[in-house]
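# Report on the structure
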Amino acid sequence: MKLRHLLSASLLCGFGMAGARDVHGVKGYYNWTPLQMQASSVVQLGPEGYKWSQWEPNFLYEDGYLNWRLGVNNTTRRDSSGFEFRSRLDFRERIKGDGFVTMTPEYPVYVFKVSLPMQTETKKGSSNTLWSEFFWHNPYTGAQDEDMCGNSAGGLFGFTNGGKKVLDVAKTIYPYAKDELGRDSVNIVWANKDTPNEKIVADGKEGQVAQVGDTVWFIKRLPVTYDQDKCEFVVAVNFASIRDSSSLALPSQRLLERVPIRISHFSFGLITYADTMHVDYAENGDTISTRAKTPEEVPNVYVKWIRTAKNISEVWKGLTAENNWGDGPVENPQKDVLNTTLYEAEMVIKGFMQYDGEGNDAYQALDEEYAKANEVYENEDATTEEYKQAVANLKAAVASFYVYVNPDDKLLYNYVRTADNATSLYVGKDEVTKDNYTGRPIVLGANEGATPLTFIPVSEDNGKRAYNLKCSEGSVVQCIDGTLLVVRGTAEAATFTFADRDGYGSYDMKCGSYYYCKDGYGLKCAPSVPTDNYDDMLPYCFLIEDALESYQPSDDEKNGLFEAWEFNGEAEEDASTKGVVNGVEMTMGEHGQTFMLDGWRMQRWRMWSRVNKGSYEGEDGENLDCLKLTAAETFDSFDGASKGGQTVYPASPSMRREGGVFTNFYDRDPAGGVRDESCLVNLNPGVRRYLAIKCKGTNPDITVDVFNFLKKPETSATDFALNLADAEAKGDVYYWDLLKYISVGKMPYVSQYFSTMGFQKDDALYIDWIRTFETEEDIPSESFTTAISDVQADGGSLKVFVTGRTINVFTAEAGAIYTVDGMRVASFEGTVHQTVLPGMYIVRAGDTVKKVLVR
């Protein structure tokens, strides 16, 4: 009989302590203070506001607030108001599918406290705007991380908000007109309509909108000055008001009473205006001095907290000076973080009472660390540093224990069997439609018919690894009631965690808020795993068995697979740089500056990108051909509307390998997402498992940001992306194990995108080849010469390419093009693109001469 851990009396008291109080993230109660946000790493910046690197957006935690600084989003100055500053702040779930906040009937009201932007120089009304956005795991369709807006959400908020997904908060009316507290004059905004009211209470209507008589949401501007409280707006949204539009609706017709609402992420968006220069003026208005503003002087917004509440009345009554305008009693905020950390540790300790494996010492250490942290929590005289240290030590102890309960990180392609080894997961034959998905159900059956599943690692939370599950038939998704389906080609793969419950390889299987267990010959789900009795726990446990050696690919799965782009051919004209628009032939400014190699060409999302053919000396002295990716100093807009845009460094050029249905030659993306199959490549990591790229930049800061593969629609393939941080290296060869991204089976991809980071002026990234290999041992170790920066200009000051009948010359010197019998065809000073008749030509610039053939 195995020995089992027994909780000490003090620990049992600890459970009682935690269960008797509201704990962040438990049973619908949340209190996302800035310290909770920081401790959980849930805050991210959106893509806006990155036009100038010296004024890019950022955020920091200070004085009990999240201080969010905006970035420059438009380099065109707007009269006396300055430049457009814009940014977005996203609060995202830690593990996909779990939710950033889960709304429940006990806590149905979502509340946040925020400021309007400070340090703005907006001169006009309605130019200083703050709004919010909700995204959810749609309980009607099962779609993940979807915009939550208007009546499509069953009457969210009781209005359609102009068909937009945003919930406007406030904007300035007359920013130069201050109120009695010295703040900008503002409008509360409701349904995109200005109102002069300080408070909005919206009542539901009949029909699909919110319940009649419900307070749907309100905003109050607090009567505080900025030195009293940096955040003056409190916004409350009543999720209990959402009317259930499903045929499964309960008699109450309230969605929240039928199913909890998981908010995947919540965003603030903001636009305002300010100058990037600080000016000191004399009394007569003359300028004394000017200087660039520091990041601390640009517009910024403060966030105090995001919470859930029991009802609107509770929020309203809490907005008093005695209650610190909704903040509640003053207490060390680190104590609240420790309280949550203690609760999370308790759940681990209790959940693994039956554990008796190699991590036994780590389990005991966790138990001991919990007791120490609890002493700090109970100490009324504990300091901030003591709270912080207790949190850090306890989180480290949990992460250390998870090292032992996580599945082996080398288990990538596996059978999942029940703990009694009698049945296994397999994919049923018949398709079913459930929620918004059509797919084949995951069920239990005989081991002989088991379906191997690829474990795709997607995240790690405090040491616990999370995975998507995929197979050759598609990706595993979770329906609202917990049903698991395999759906072809979906981007909404569910996220699973596995933990070894007993130390003998019996793993629980959790997805979203459900654990899975064997029920006879059926697979059912439950909200928790029994922990007090070992026999009761076993039906909730599964074995994970490596299946890669059993994979026997068919001839079709082995044939026609992508092998390599070698970049040894001649550069070709980039057809996307010229064409006919409305009957008029147009040529883009970069025509003749950027080319195509093996189908790769410049990416129009980054108009400064340039693809050329380059050469360098390899480590063995051989002169090698390669693709050379650079950033141009100036560029035209993708539609030709503006010319000569200035590239801001560090830059990030990228390239693409795709074609498609383009409405105009300059389109950045094919209409309807229809890609040309001439760019299609097939991948099968069960046969050619590794993808490698030999590359090197002229600047050590240059890195591969993302290497995207886009699937062919209506197939079981799924999109995936590689980045250099996840690569292994052999010299200047970087490689990835494709089984960590896609499943075994032949998968078609009709488009690839390659993005970089870290380019300074005159930098280049050289790519010798991109190849796939069967084994890790097959991947060669190769390097460039260390002096690659000496060949940035391809070995000299003169570079010549032929595209069609055009000779393209790139040089800083004066020169000429001649026929072989000495006749001068053209003279030039610097870059020139000269169309000629077929034949042999001599290009001379300074002391350099090159011979080219035009066919």
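An account of the accompanying structure is given in this report. What you see is a predicted model; the values in this text were computed from it and never measured.

### Remarks on unusual backbone geometry
With an omega of 0 degrees, the peptide bond between Tyr-649 and Pro-650 qualifies as cis. Assignment of secondary structure puts Pro-650 in the loop between β42 (645-646) and β43 (654-657). Its identity as a non-glycine residue notwithstanding, Gln-119 has a phi of 65 degrees, on the positive side. Looking at the secondary structure, you find Gln-119 in the loop between β8 (109-114) and β9 (129-136).

### Points about the pairing of strand β54 (residues 814-819)
Where β54 meets strand β55 (residues 824-829), 5 bridges bridge the pair, whose relative direction is antiparallel. Across the sheet, the residue bridging to Tyr-818 is Arg-824, located in β55. Bridging between β54 and strand β57 (residues 839-845) involves 5 bridges; their strand directions are antiparallel. If you follow Gly-815 over to β57, its bridge partner there is Ala-845.

### Concerning the packing of aromatic side chains
Evaluation of the coordinates by the stated rule reveals 40 aromatic pairs. With centroids separated by 6.3 Å and ring planes inclined at 55 degrees, the aromatic side chains of Tyr-110 and Phe-239 adopt a geometry described as tilted. Residue Tyr-110 is found in strand β8, and its partner Phe-239 is found in the loop between β15 (233-238) and α3 (255-258); the two are separated by 129 residues along the sequence. On the basis of relative accessible area, Tyr-110 is assigned to the buried category, the value being 0%. For Phe-239, a relative accessible area of 0% gives the class buried. A connected cluster of aromatic rings, assembled from ring pairs, spans Trp-32, Phe-91, Phe-100, Tyr-110, Phe-112, Phe-134, Phe-239, Phe-266 and Phe-268. Taking the ring centre of Tyr-302 as reference, the NZ or CZ of Lys-230 above it sits at 5.6 Å.

### Considerations on the packing of helix α5 (residues 333-351) against helix α6 (residues 360-378)
At a minimum axis separation of 10 Å, α5 and α6 run at an interaxial angle of 150 degrees. The orientation of α5 relative to α6 falls into the category roughly antiparallel. Considering how the two elements wind past one another, α5 and α6 form a crossing that is left-handed. Of the residues in α6, those in contact with Lys-335, Leu-338, Asn-339, Leu-342, Ala-345, Glu-346, Val-348 and Ile-349 of α5 are Tyr-363, Leu-366, Asp-367, Tyr-370, Ala-373, Asn-374, Val-376 and Tyr-377. Considering only residue class, the contact of α5 with α6 consists of 11 nonpolar, 2 polar and 3 charged.

### Things to note about the environment of Glu-48
For Glu-48, the location among the structural elements is in the loop between β2 (43-45) and β3 (58-62). Put simply, Glu-48 and Gly-71 are 23 residues apart on the chain and 7.6 Å apart in space, counted from C-alpha to C-alpha. When sequence neighbours within four positions are dropped, the list of residues in contact with Glu-48 reads Pro-57, Asn-73, Arg-86, Ser-87 and Arg-88.

### Comments concerning the side chain of Asn-406
Secondary-structure assignment places Asn-406 in the loop between α7 (384-405) and β20 (413-418). Assessed through its relative accessible area of 5%, Asn-406 is described here as buried. From its side chain, Asn-406 meets the backbone nitrogen of Arg-465 in a polar contact 3.3 Å long. Aside from chain neighbours lying at most four places away, what touches Asn-406 is Gly-463, Lys-464, Arg-465, Phe-498 and Tyr-507.

### Thoughts on the pattern of salt bridges
Within this structure, the stated rule accounts for 40 salt bridges. A salt bridge links Lys-558 to Asp-555; the shortest N-O distance between them is 3.9 Å. Of this pair, Lys-558 and Asp-555 both sit in helix α9 (residues 555-558), 3 residues apart, which is roughly one turn of that helix. Exposure remark for Lys-558: the relative accessible area of 40% places this residue in the partly exposed category. Given a relative accessible area of 55%, Asp-555 falls into the exposed group. Through salt bridges with shared partners, a single ionic network connects Glu-48, Arg-88, Asp-90, Arg-92 and Asp-145.

### Focus: the sheet that holds β55
The strand order β55-β54-β57-β58 describes an open sheet built from 4 strands, whose pairing is antiparallel. Where the open sheet ends on each side, the last strands, each with one partner, are β55 and β58 (848-854). Across the sheet, the axes of successive neighbouring strands diverge by a mean angle of 20 degrees, strand direction being ignored.

### Some words on the side chain of Arg-183
When you line up the elements, Arg-183 lands in the loop between β11 (166-172) and β12 (186-190). Within the structure, the side chain of Arg-183 is placed 2.6 Å from the backbone oxygen of Leu-222, a separation counted as a polar contact.

Analysis parameters
Residue positions within a chain follow its written sequence, with the count starting from 1. For this predicted model, a pLDDT threshold of at least 70 governs which residues receive local features, and a threshold of 80 or more governs which side-chain atom pairs are given and counted, while totals over whole chains, interfaces and linings are taken from all residues. To get the side-chain values, all heavy atoms of the structure are used, and hydrogens and water are removed first. Comment: elements are numbered from the N terminus, with helices defined as DSSP H or I runs of at least four residues and strands as E runs of at least two. Note on pairing: two strands pair once DSSP finds at least 2 bridges between them. Only the six-membered ring of Trp is used, alongside the rings of Phe and Tyr, when aromatic pairs are assigned; centres must lie within 6.5 Å, and planes under 30 degrees apart are stacked while those over 60 apart are edge-to-face, with the rest tilted. Exposed residues in this analysis have more than 50% of their type's maximum accessible area, buried residues have under 20%, and partly exposed residues fall in between, with area computed by a 1.4 Å probe over protein chains only. Whether a charge sits over a ring comes down to the Lys NZ or Arg CZ being within 6 Å of the ring centre and within 35 degrees of the ring normal. Whenever a helix is involved, its axis is fitted only over the stretch in contact; in every case the axis is a line through C-alpha atoms, and angles between N-to-C directions fall within 0 to 180 degrees. Every angle not falling under 35 degrees, over 145, or within 65 to 115 is termed oblique; those three ranges are roughly parallel, roughly antiparallel and roughly perpendicular. Each helix crossing is assigned a hand: it is left-handed if the near helix lies turned anticlockwise from the far helix by less than a right angle, otherwise right-handed if that turn is clockwise. Whether two residues are in contact is decided by their heavy atoms, any of which lying within 4.5 Å being enough. Amino acid classes used here: Ala, Val, Leu, Ile, Met, Phe, Trp, Tyr, Cys and Pro are nonpolar; Asp, Glu, Lys and Arg are charged; the rest, including Gly, are polar. For this analysis, a polar contact is any N or O atom pair within 3.5 Å, provided that within protein one partner can donate a hydrogen and the other can accept it, and provided that sequence-adjacent residues contribute only side-chain to side-chain pairs. Salt-bridge detection follows one rule: a side-chain nitrogen of Lys or Arg within 4 Å of a carboxyl oxygen of Asp or Glu.

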